[in-house]
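This is what each chain is made of:
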Amino acid sequence: MRLRDLDEKVVVWMDCYGTRLLRYALAIVFIWFGILKPLGLSPAAGLVAQTVTFIPPKIFLPILGWWEVLIGVFFLFRPTIRLALILMFLQMPGTMLPLVLLPEVCYTHFPHGLTLEGQYIIKNLVLIGGALVVGGTLLRHSTADKRL
C-alpha cells in the first residue's frame, strides 16, 4: 500500500467518524463537568461563586450543573443537537466572565500569563469551536450523516 493510499483511507475515516466522536466528546465533557456541581465535587465551584455573587452558590451551582448535564445529554442525540447548541451558547458567555471580573484569579501576568483557572476558562474556546463544527452538520441529509 502506498503512503498516499493510506493517507486517503485515514482522511476518509476521520471525515466519516470525526464529527460523531467530537459530538460524543462534547457530551462527555458537559455531563462530567456538570454533574460535579450539584454533587459538590466541582473544582470550579469557588470560581463560579466568586463570579456570580448575586445568586447564592447553593442555588446557582446545582442549576448550572444540571444545565450543563442537559447540554451534554442533548449532544448525544442528533435530533436534540440544536437544543444543546442553544443552551451552550446561552451558558458560554458566563464562563468567560471571570477573565473580566476576576483578573487577579485568572492571570499571572495580564493578558498573556494564565493561571490554572484562566486556562480552564480559555479551553472553552475549543468547546465553542467543536460545537460550531457539530452544528455545521445539522442540515446534512445523506444516509451516512443520519448515522452521526
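Since the structure is predicted, the reported quantities are computational estimates derived from the model, not experimental observations.

1. Examining the overall build of the protein chain
When helices and strands are tallied, the protein chain shows eight helices and two strands. Across its three principal directions, the C-alpha atoms of the protein chain cover 55 × 35 × 25 Å. When each of the 148 residues of the protein chain is scored for burial, the buried share is 36%. In the protein chain, the share of contacts with a sequence separation of at least 24, taken over all contacts with a separation of at least 6, comes to 68%. Roughly 9300 Å² of accessible area belongs to the protein chain as shown, and the carbon and sulfur atoms make up 72% of that amount. Side-chain charges of the protein chain comprise 13 positive and 8 negative groups, with the mean position of each set lying 9 Å from the other.

2. What to know about the packing of aromatic side chains
What the rule picks out here adds up to four aromatic pairs. An angle of 10° between the planes, with centres 5.9 Å apart, marks the rings of Phe-33 and Tyr-120 as stacked. Of this pair, Phe-33 sits in helix α1 (residues 3–36) while Tyr-120 is found in helix α6 (residues 116–122), placing the two residues 87 residues apart along the sequence. Owing to a relative accessible area of 30%, Phe-33 belongs among the partly exposed residues under this scheme. Given a relative accessible area of 30%, Tyr-120 falls into the partly exposed group.

3. Brief notes about the packing of helix α3 (residues 57–76) against helix α4 (residues 81–101)
At a closest axis distance of 7 Å, the pairing of α3 and α4 adopts a crossing angle of 145°. Here α3 and α4 pass one another in a crossing that is left-handed. Contacts between α3 and α4 involve Leu-64, Trp-67, Glu-68, Leu-70, Ile-71, Phe-74 and Phe-75 on the former and, on the latter, Ile-81, Leu-83, Ala-84, Leu-85, Leu-87, Met-88, Leu-90 and Gln-91. For the contact of α3 with α4, the per-class residue count stands at 13 nonpolar, one polar and one charged.

4. A few points about the nonpolar core
By size, the foremost hydrophobic cluster in this structure holds 16 residues, and its most contacted members are Phe-30, Ile-71, Phe-75 and Met-88. Looking at this core, the elements that each hand over two or more residues are α1, α3, α4 and α7 (124–135). The greatest single-element share of this core, amounting to six residues, is contributed by α4. Setting aside residues no more than four positions away along its own chain, Phe-30 makes contact with Glu-68, Val-69, Ile-71, Gly-72, Phe-75, Met-88, Gln-91, Met-92 and Leu-127. Core analysis: the second largest hydrophobic core is formed by eight residues, Leu-47, Met-96, Leu-102 and Tyr-107 among them.

5. Some points on the packing of α1 against α7
For the pair α1 and α7, the least separation of the axes is 10 Å and the interaxial angle reads 135°. Between α1 and α7, the interaxial angle falls into the category oblique. The handedness of the crossing between α1 and α7 is left-handed. Note on element contacts: α7 touches α1 through Leu-127, Gly-130, Ala-131, Val-133 and Val-134, opposite Thr-19, Leu-22, Arg-23, Leu-26, Val-29 and Phe-30. Here the contact of α1 with α7 is composed, by residue class, of eight nonpolar, two polar and one charged.

6. Quick look at the layout of surface pockets
Reported here for the largest pocket is a volume of approximately 510 Å³. Along the walls of the largest pocket sit 28 residues, with Leu-64, Glu-68, Gln-91, Gly-94 and Thr-95 positioned nearest its centre. For the lining of the largest pocket, the secondary structure elements donating two or more residues are α1, α2 (45–51), α3, α4, α6 and α7. The greatest single-element share of the lining of the largest pocket, amounting to seven residues, is contributed by α4. Across the lining of the largest pocket, the residue classes break down as 20 nonpolar, five polar and three charged.

Analysis parameters
- Residues numbered from 1 in each chain as written.
- Predicted model: local features only at pLDDT ≥ 70, side-chain atom pairs only at ≥ 80, totals over all residues.
- Heavy atoms only, no water.
- Helix = DSSP H or I, 4+ residues; strand = E, 2+ residues; numbered from the N terminus.
- Buried < 20%, exposed > 50% of the residue type's maximum accessible area, 1.4 Å probe, protein only.
- Contact = heavy atoms within 4.5 Å.
- Areas by Shrake-Rupley, 256 points an atom, 1.4 Å probe, with all protein chains shown as cover.
- Lys, Arg positive; Asp, Glu negative; His and termini not counted.
- Charge placed at Lys NZ, Arg CZ, Asp CG, Glu CD.
- Phe/Tyr/Trp six-rings, centres within 6.5 Å; stacked < 30°, edge-to-face > 60°.
- Axes fitted to C-alpha atoms, helices over the stretch in contact; angles between N-to-C directions.
- Left-handed = near helix turned anticlockwise from the far one by under 90°.
- Nonpolar A, V, L, I, M, F, W, Y, C, P; charged D, E, K, R; others polar.
- Core = buried A, V, L, I, M, F, W, Y, C linked by side-chain atoms within 4.5 Å.
- Parallel < 35°, antiparallel > 145°, perpendicular 65-115°, else oblique.
- 1 Å grid on protein atoms, 1.4 Å probe; cavity = no way out; pocket = protein on both sides within 12 Å on 5 of 7 lines; lining within 4 Å.
- Points joined across faces, edges and corners; volume = space filled by probe spheres on them.

The analysis is restricted to geometry; functional conclusions fall outside its scope.
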